[in-house]
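Architecture and fold: a report
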Number of protein chains: 2
Amino acid sequence: MRLSKRGEYGLRAMIMLATQAETGAPMPMLQIKDMSQREKIPAKFLEQILLTLKNAGMLHSKMGVGGGYYLSRAPEQITLGQIVRALDGPLAPVNCVSQMAYEPCGCPDEATCGLRMVMGDVRNAISNVLDRTSLAEVTSRVDAVKTSINKP
Amino acid sequence: MRLSKRGEYGLRAMIMLATQAETGAPMPMLQIKDMSQREKIPAKFLEQILLTLKNAGMLHSKMGVGGGYYLSRAPEQITLGQIVRALDGPLAPVNCVSQMAYEPCGCPDEATCGLRMVMGDVRNAISNVLDRTSLAEVTSRVDAVKTSINKP
DNA sequence: ATAAAGTCTATAGTCGTAATAGACTTTTAT
DNA sequence: ATAAAAGTCTATTACGACTATAGACTTTAT
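Keep in mind that what you see is a predicted model, and the values were worked out from it rather than measured. (Residues numbered from 1 in each chain as written. Chains lettered and ligands numbered in written order. Predicted model: local features only at pLDDT ≥ 70, side-chain atom pairs only at ≥ 80, totals over all residues. Heavy atoms only, no water.)

Re the interface of chain B and chain A
Under the convention used in this document: Throughout, a contact is declared for two residues whenever any of their heavy atoms are within 4.5 Å. When two parts are put together, the accessible area they lose, computed with a 1.4 Å probe and summed over both, is reported as buried area. The salt bridge criterion pairs a side-chain nitrogen of Lys or Arg with a carboxyl oxygen of Asp or Glu, the two atoms within 4 Å. Within 3.5 Å is the distance limit for a polar contact, defined as a pair of N or O atoms, with the added protein rule that one can donate a hydrogen and the other accept it, and that residues adjacent in sequence qualify only through two side-chain atoms. Numbering of helices and strands runs from the N terminus, with a helix taken as a DSSP run of H or I at least four residues long and a strand as a DSSP run of E at least two residues long.
Counting from both sides, the interface comprises 42 residues of chain B and, opposite them, 42 residues of chain A. For the pairing of chain B and chain A, the buried interface totals around 3,700 Å² over both sides, and the portion due to carbon and sulfur atoms is 67%. Remark: the boundary between chain B and chain A carries two salt bridges. Put simply, Asp121(B) and Arg141(A) hold a salt bridge, and the shortest N to O gap is 2.8 Å. One can count eight residue pairs in polar contact (both at pLDDT 80 or more) joining chain B with chain A. For the side of chain B that touches chain A, the secondary-structure elements that each account for two or more residues are helix H1 (5–22), helix H5 (114–130) and helix H6 (135–150) of chain B. The element that contributes the greatest number of residues to the side of chain B that touches chain A is H5(B), accounting for 11 residues.

Laid out in structure tokens, this is it:
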């Protein structure tokens with residue numbers, strides 16, 4: 001049940017951008033170079049990932065000197081499920097229970113397939129986390145931990 | 001968040017064996033050939049999978065004419081989580097939240113890593129399904145559907 | 001004009017998955 | 001005793017996806 005590196009790096013980048021957005025900075029933008037250095041992500045790989053996310057409509061960018069990437073919507077409006085799906089495809093463990101990429105799996109009868117029932121549960125369990133968690137919720141959880149450490 | 005073919009085939013085989021066990025047949029055994037034909041699984045691949053499961057202690061086998069595989073414990077005592085872990089490794093999407101295969105992921109500080117918090121939730125969500133579902137529960141769900149179809 | 005930054009496409013390398021092969025061992029039936 | 005049926009074990013291949021790198025191009029600020 002692995003998350004790919006592409007998915008991991010993409011999530012890290014989006015979380016960084018959301019954190020930046022919530023600082024209230026006038027232009028909450030980050031550059032590839034910044035992000036790749038902070039989290040030790042290969043820059044050229046990250047570039048592709050951000051491009052994918054941009055083409056999926058989650059990021060905007062500014063070219064040229066002083067450019068960078070920023071979220072195209074408020075952090076509340078972007079879920080982790082959207083990010084993972086854009087980068088890694090369906091959340092479902094098997095295609096026959098996928099909402100976005102259904103395919104029959106070849107078992108004699110889907111209605112009475114035990115595997116399919118359980119994998120449907122797994123898909124829902126994953127979706128209940130990733131589709132209900134927004135970038136804003138992530139940053140606020142991080143903030144909560146950080147302040148509880150500073151004021152014990 | 002894919003389940004590998006190995007995992008899928010292994011689960012299918014174990015569910016077949018559990019179904020067989022619950023028929024009350026005197027010797028609830030199935031042969032590789034039977035299982036591979038029923039669910040269109042490449043026989044030689046299934047062979048490897050069953051061997052892995054046997055070495056993990058979930059199956060016993062009988063060699064020679066009239067041999068085959070059978071569950072080493074009651075279907076109630078075997079969870080899907082055990083099967084998936086034996087075949088595909090940890091359930092966790094990233095190693096830094098894995099119970100059975102923890103590894104640091106290289107983020108600056110694990111305690112305040114937003115990705116890690118969420119992936120921990122995902123791991124728990126998956127585990128809450130797979131570790132709490134036994135083969136017996138799968139077969140009884142299948143039976144429930146089958147009888148509700150016959151008596152509408 | 002130049003340097004900084006994102007865009008885009010192609011391609012290489014690597015690794016895990018899926019599958020196949022084949023020689024060996026055990027057991028049953030005749 | 002022997003042959004056929006079945007599981008055991010290890011090696012190896014084939015393939016594709018994932019990861020990463022390269023390089024030429026475009027846009028923008030100073």
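Examining the pairing of strand S1 (residues 59–62) of chain A
Residue and element names in this part refer to chain A. Note the threshold: Here, a strand pair is defined by DSSP locating no fewer than two bridges between the strands.
As judged from the four bridges shared by S1 and strand S2 (residues 68–71), these two strands associate in the antiparallel manner. Bridge pairing in S2 links His60 to Tyr70. Between S1 and S2, which pair antiparallel one after the other, the connecting turn spans five residues, and Gly64 there sits at a positive phi close to 80°.

Some thoughts on the packing of aromatic side chains
Each aromatic ring pair is described using two quantities: the centre-to-centre distance and the angle formed by the ring planes. Residue and element names in this part refer to chain A. Put simply, the test is: The criterion for an aromatic pair is that two Phe, Tyr or Trp rings (for Trp, the six-membered ring) have centres within 6.5 Å, with stacked assigned to planes under 30 degrees apart, edge-to-face to planes over 60 apart and tilted to the rest.
Under the defined criterion, the tally for this structure stands at two aromatic pairs over all chains. Ring geometry for Tyr9 versus Phe45: centroids 5.8 Å apart, planes at 85°, classification edge-to-face. Pair noted here: Tyr9 is in helix H1 (residues 5–21) and Phe45 is in helix H3 (residues 43–55), with a separation of 36 residues, a long-range link.

Points about the protein's contact with DNA strand D
Heads up, the rule is: When we say a residue is near a molecule or strand, we mean one of its heavy atoms is within 4 Å of it. Each residue is assigned to one class: nonpolar for Ala, Val, Leu, Ile, Met, Phe, Trp, Tyr, Cys and Pro, charged for Asp, Glu, Lys and Arg, and polar for all the others, Gly among them.
Inspection of the region around DNA strand D gives 30 residues, with Lys44(A), Gln48(A), Glu47(B), Lys54(B) and Tyr69(B) positioned closest. By atom count, sugar and phosphate contribute 60% of the portion of DNA strand D lying within 4 Å of the protein. The contact in question runs from a base oxygen of DNA strand D to an N or O atom on the side chain of Lys44(A), over 2.3 Å. Note that a base oxygen of DNA strand D is positioned 2.3 Å from one of the side-chain N or O atoms of Gln48(A). Put simply, the parts of the chain that give the surface near DNA strand D at least two residues each are H1 and H3 of chain A together with helix H2 (32–38), helix H3 (43–55), strand S1 (59–62) and strand S2 (68–71) of chain B. With five residues, H3(B) is the single largest residue contributor to the surface near DNA strand D. Taken together, the residues that form the surface near DNA strand D break down as 10 nonpolar, 10 polar and 10 charged.

Regarding the side chain of Ser98(B)
Tracing the chain through its elements places Ser98(B) in the loop between helix H4 (80–88) and H5. A polar contact is formed between the side chain of Ser98(B) and the backbone nitrogen of Ala101(B), at a distance of 2.8 Å.

Structural notes on the packing of H3(A) against helix H4 (residues 80–88) of chain A
Residues and elements named next belong to chain A. Keep this limit in mind: Axis angles are defined between N-to-C directions and span 0 to 180 degrees, where every axis is a line fitted to C-alpha atoms and, for a helix, only to the segment in contact. Should the near helix be turned anticlockwise from the far one by less than a right angle, the crossing is termed left-handed; should it be turned clockwise, right-handed.
For the pair H3 and H4, the least separation of the axes is 10 Å and the interaxial angle reads 115°. Here the hand of the crossing between H3 and H4 comes out right-handed. Contacts between H3 and H4 involve Ile49, Thr52 and Leu53 from the former and Ile83, Ala86 and Leu87 from the latter. Class assignment of the residues belonging to the contact of H3 with H4 gives a composition of five nonpolar, one polar and no charged.

What to know about the protein's contact with DNA strand C
Lining the immediate environment of DNA strand C, one finds 30 residues, of which Glu47(A), Lys54(A), Tyr69(A), Lys44(B) and Gln48(B) sit closest. Each atom of DNA strand C within 4 Å of the protein was classed as base or backbone; sugar and phosphate made up 62%. Separating a sugar or linking oxygen of DNA strand C from a backbone N or O atom of Gly64(A) is a distance of 3.3 Å. When residues of the surface near DNA strand C are traced back to their parent elements, those giving at least two are helix H2 (32–38), H3, S1 and S2 of chain A together with H1 and H3 of chain B. Examining the composition of the surface near DNA strand C, we find that five residues originate from one element, H3(A), more than from any other. Broken down by class, the residue content of the surface near DNA strand C amounts to 10 nonpolar, 10 polar and 10 charged.

Re H3(A)
Residue and element names in this part refer to chain A. This is how it is decided: Under the convention used throughout, the expected extent of a helix is 1.5 Å for every residue step, that is, one less than its residue count. Each residue is placed in one exposure class: buried if its accessible area under a 1.4 Å probe, protein chains only, is under 20% of its type's maximum, exposed if it is over 50%, and partly exposed if it falls in between. Our arc is simply the arc of the directions from the helix axis toward the C-beta atoms.
With 13 residues, H3 ought to run about 18 Å at 1.5 Å a step, and its terminal C-alpha atoms sit 18 Å apart, in line with that. Within H3, the full set of buried residues consists of Leu46, Ile49, Leu50 and Leu53. One side of H3 carries all its buried residues, which in axial view fall inside an arc of 100°. The exposed residues of H3 that point more than 90 degrees off its buried face are Lys44 and Asn55. Turning to H3, the residues buried within the fold contact H1, H2, S1, S2 and H4. Just beyond H3, the residue with positive phi is Gly57, at close to 90°.

Regarding the packing of helix H6 (residues 135–150) of chain A against H5(B)
We apply this condition: Angles are sorted into four bins: roughly parallel if under 35 degrees, roughly antiparallel if over 145, roughly perpendicular if 65 to 115, and oblique for all others.
Two elements in contact, H6(A) and H5(B), have axes whose closest approach is 9 Å; the angle formed by their N-to-C orientations is 110°. Looking at the two axes, H6(A) sits roughly perpendicular to H5(B). In this structure, H6(A) uses Val138(A), Arg141(A), Val142(A) and Val145(A) to contact H5(B), whose residues at the interface are Gly114(B), Met117(B), Val118(B) and Asp121(B). Its residues assigned to classes, the contact of H6(A) with H5(B) shows five nonpolar, one polar and two charged.

By themselves these figures say nothing about function.
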